[in-house]
Amino acid sequence: MVDTDRITGAAKEFGGKVQGAVGDLTGSKRDSVEGRAREAQGAAENLYGQAKDTVRDAADTVADTARDLGGRVRDAVGNLVGSDDVEDRARRAQGAAEDAYDRGERYVRSAGGKAYDRAGDAYEDGARALRQGGGAATGRIAEHPIAALLVVGLLGYGLGLLIHGRD
């Protein structure tokens, strides 16, 4: 199951690439910078979703392996009932398997928590940079409203040409 952060992150990343490319084509530094910031934010969100998926998959694998190993130990003990020495060894083996499972689960959860924290920090940094870029862009638009309208009109015209093609 794919995490929704991966999907929204990929969409934001693609939108940022398009906005940055349009900004490069039109010479709009604002759109270029804002697009790159949105692209970085989307990439961070996508990585965050990938980290969550990886941790979930690893935890499932560890749990499945421990269950399988525990079942095998139970079956072996069941087949050897009557021998106290074999039963004792089987119980110790099962205990060791449970300990290994517990250590593996703690390790995976710890790694997942660290990845989650780092991805969250990257996401917040990207959002902050996007807000700062948006604030700077708003200031520029307020200073030069006619130029901003002209740029937006040209962007709309260019996107219309890209979408519908030249006839």
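For the structure, check the block above.
Residues numbered from 1 in each chain as written. Predicted model: local features only at pLDDT ≥ 70, side-chain atom pairs only at ≥ 80, totals over all residues. Heavy atoms only, no water.

A. Focus on the overall build of the protein chain. Summing up its helical and strand segments, the protein chain has four helices and zero strands in all. N-terminal to C-terminal, the α/β element order of the protein chain is α-α-α-α. Buried residues in the protein chain amount to 25% of all 167 residues. Long-range contacts, defined as pairs at least 24 residues apart, comprise 70% of the intrachain contacts of the protein chain with a sequence gap of at least 6. Entry remark: accessible area of the protein chain is about 11400 Å², with carbon and sulfur atoms responsible for 58%. (Helix = DSSP H or I, 4+ residues; strand = E, 2+ residues; numbered from the N terminus. Buried < 20%, exposed > 50% of the residue type's maximum accessible area, 1.4 Å probe, protein only. Contact = heavy atoms within 4.5 Å. Areas by Shrake-Rupley, 256 points an atom, 1.4 Å probe, with all protein chains shown as cover.)

B. Layout of the environment of Lys114. With respect to the secondary-structure elements, Lys114 resides in helix H3 (residues 84-143). Each C-alpha atom, one on Lys114 and one on Ala51, is 9.7 Å from the other, the two residues being 63 residues apart in sequence.

C. Expanded view of the pattern of salt bridges. Applying the stated rule across the entire model yields five salt bridges. Across the pair Arg30 and Glu34 runs a salt bridge, and its minimum N-O distance is 3.7 Å. Here Arg30 pairs with Glu34, and both are found in helix H2 (residues 29-79), just four residues apart, close to one helical turn. A relative accessible area of 26% means that Arg30 is categorised as partly exposed. Relative accessible area serves as the criterion here: at 16%, Glu34 is assigned to the buried category. Via salt bridges that share partners, Arg30, Asp31, Glu34 and Arg38 belong to a single interconnected network. (Salt bridge = Lys/Arg side-chain N within 4 Å of Asp/Glu carboxyl O.)

D. Structural context of a nonpolar patch on the surface. On the surface, a cluster of nonpolar side chains totalling about 330 Å² of accessible area is made up of Leu159, Leu162 and Ile163. Along the chain, Ile163 turns up in helix H4 (residues 145-164). (Patch = residues over 30% accessible without salt bridge, like charges linked within 9 Å, V, L, I, M, F, W, Y side chains within 5 Å.)

E. Representation of the side chain of Gln41. You can see Gln41 is positioned in helix H2. The buried category is assigned to Gln41, whose relative accessible area is 6%. Beyond its immediate stretch of four places on either side in the chain, Gln41 contacts Lys12, Tyr123, Gly126, Ala127 and Leu130.

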